[in-house]
Amino acid sequence: MVDNNNYYSFGFSEEKMSTNQYDNANENKHINLLKAQLILMIRLNGLLLSQNLITGAIPDCTGNITTLRSLHIDANRLTSSIPASLWLQNDLLELNLSSNFMSGSLPQEIGNLKVAILIDLSVNRFSGCIPSTIGDLQSLINLSLAHNTLQGPIPESMGKLVSMERLDLSYNNLSGNIPKSFEALKYLTYFNVSFNDLSGEVPTGGRFKNFSSQSFMSNEGLCGDPIYGLPPCHTTGPKRRNLKLRVVFALLGIIVLITIAMALAYAVGRYRRKTLVANTTDFAPGSTLSRVSYYELMQATQGYSENHLMMEGMWL
């Protein structure tokens, strides 16, 4: 960070600006950024214009300052979006545009600022999603996107910001989960995602055990450890899902076995009924007996011979 107390204020003469590594115009009121033409100075390493009344947009020619290392134009009245040329500053270390009225979305080209250690775009009107390429800024130590209208999920790629110490995403419209990959940010000392629409379980590993409820407040969908002031989560992890699947399959197996048993019982019962009916057909009530004539009876018993007498009163 550049300490403003170590640099003096100056008039906006080109001669004086071209001989200074850092130029400080803090607290010089009513400066018009376009008239100052500060960004045309090729030898300029740092531009500090914090806490003024600078209006208008950052000129596109900012990208022409190839030696620019620090750009602080925070606490002014800048409008419009960040010029595309600014994302071409591959050697930019510090970018502070906080507390302005800037708008637009953050482009994927933000990933070009690979050596940046500080990016503060808080208290503006930026919208859209956080680009996934922000995870390429592995030198980044301090990132603040707070107090904007950003939406969508927090990119999983931000878990690759291995140098991150301070991360502030509060007061936006972010949704989805807090990436579990954030547990790998071992230098993280400040973390704030309060006042968003986040949901799911708050990570508990890594540096998260050191954070308080202030980091997560006003996210109705979040759950987790009571130390965060959050309701407990309803477990829906792999183990519970596997248990549910086993129970479902067991119930289905039981139902199939019962169905097969009932079908077999029905088939056996039907077979037995058919057999019983077949065996009793000849003796069923109302069945017709064949008639035998007297002549046939005489022939069969040889005239009622005693040789065919089975018992008294019956012949065979």
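The preceding data block contains the structure.
Residues numbered from 1 in each chain as written. Predicted model: local features only at pLDDT ≥ 70, side-chain atom pairs only at ≥ 80, totals over all residues. Heavy atoms only, no water.

> Where do I start with the sheet that holds strand S11 (residues 149-153) in this structure?
The strands making up a sheet are joined through hydrogen bonds of the backbone, oriented either antiparallel or parallel. Strands sit in the order S7-S9-S11-S13-S15-S16 across an open sheet of 6 strands; the sheet is parallel. Edge positions in the sheet fall to strand S7 (103-105) and strand S16 (221-223), since each has one partner strand and no second. Across the sheet, the mean angle separating the axes of adjacent strands is 25 degrees when strand polarity is ignored. Two elements, strand S9 (residues 125-128) and S11, share 2 bridges in a ladder whose sense is parallel. Within S11, the residue paired with Ser-127 across the bridge is Thr-149. (Pairing = 2+ DSSP bridges. Helix = DSSP H or I, 4+ residues; strand = E, 2+ residues; numbered from the N terminus. Axes fitted to C-alpha atoms, helices over the stretch in contact; angles between N-to-C directions.)

> Honestly, the pattern of salt bridges in this entry has me stumped. Any pointers?
Pairing is possible between side chains of opposite charge, provided their charged atoms come close. By the definition in use, this model includes 2 salt bridges. Here Asp-136 makes a salt bridge to Lys-160, at a shortest N to O gap of 4.0 Å. Here Asp-136 is found in the loop between S9 and strand S10 (142-144), whereas its partner Lys-160 is found in the loop between S11 and strand S12 (166-168), with 24 residues between them in sequence. The class of Asp-136 is partly exposed, set by a relative accessible area of 32%. Relative accessible area serves as the criterion here: at 40%, Lys-160 is assigned to the partly exposed category. The partner of Lys-180 in a salt bridge is Glu-183, with the nearest N and O atoms 3.1 Å apart. Note on Glu-183: relative accessible area 21%, which makes it partly exposed. (Salt bridge = Lys/Arg side-chain N within 4 Å of Asp/Glu carboxyl O. Buried < 20%, exposed > 50% of the residue type's maximum accessible area, 1.4 Å probe, protein only.)

> What is the right way to look at a nonpolar patch on the surface in this model?
A contiguous nonpolar surface patch, about 500 Å² in accessible area, is contributed by Leu-245, Val-248, Phe-249, Leu-252 and Ile-255. Mapped onto the elements of the fold, Leu-252 is located in helix H3 (residues 238-279). (Patch = residues over 30% accessible without salt bridge, like charges linked within 9 Å, V, L, I, M, F, W, Y side chains within 5 Å. Areas by Shrake-Rupley, 256 points an atom, 1.4 Å probe, with all protein chains shown as cover.)

> So what exactly am I meant to see when it comes to the packing of aromatic side chains here?
To describe a pair of aromatic rings, one takes the distance between the centres and the angle between the planes. If you walk through the whole model with that rule in mind, you get 8 aromatic pairs. Look at Phe-208 and Phe-211: their rings are 5.5 Å apart centre to centre, the planes differ by 80 degrees, and that puts the pair in the edge-to-face class. Here Phe-208 matches Phe-211 in class, with each residue buried. Within the aromatic cluster, the residues linked to one another by ring pairs are Phe-182, Phe-191, Phe-208, Phe-211, Phe-216 and Tyr-228. Of note, Arg-166 hangs over the ring of Tyr-190, and the distance from its end group to the ring centre comes to 4.4 Å. (Phe/Tyr/Trp six-rings, centres within 6.5 Å; stacked < 30°, edge-to-face > 60°. Lys NZ or Arg CZ within 6 Å of the ring centre and 35° of its normal.)

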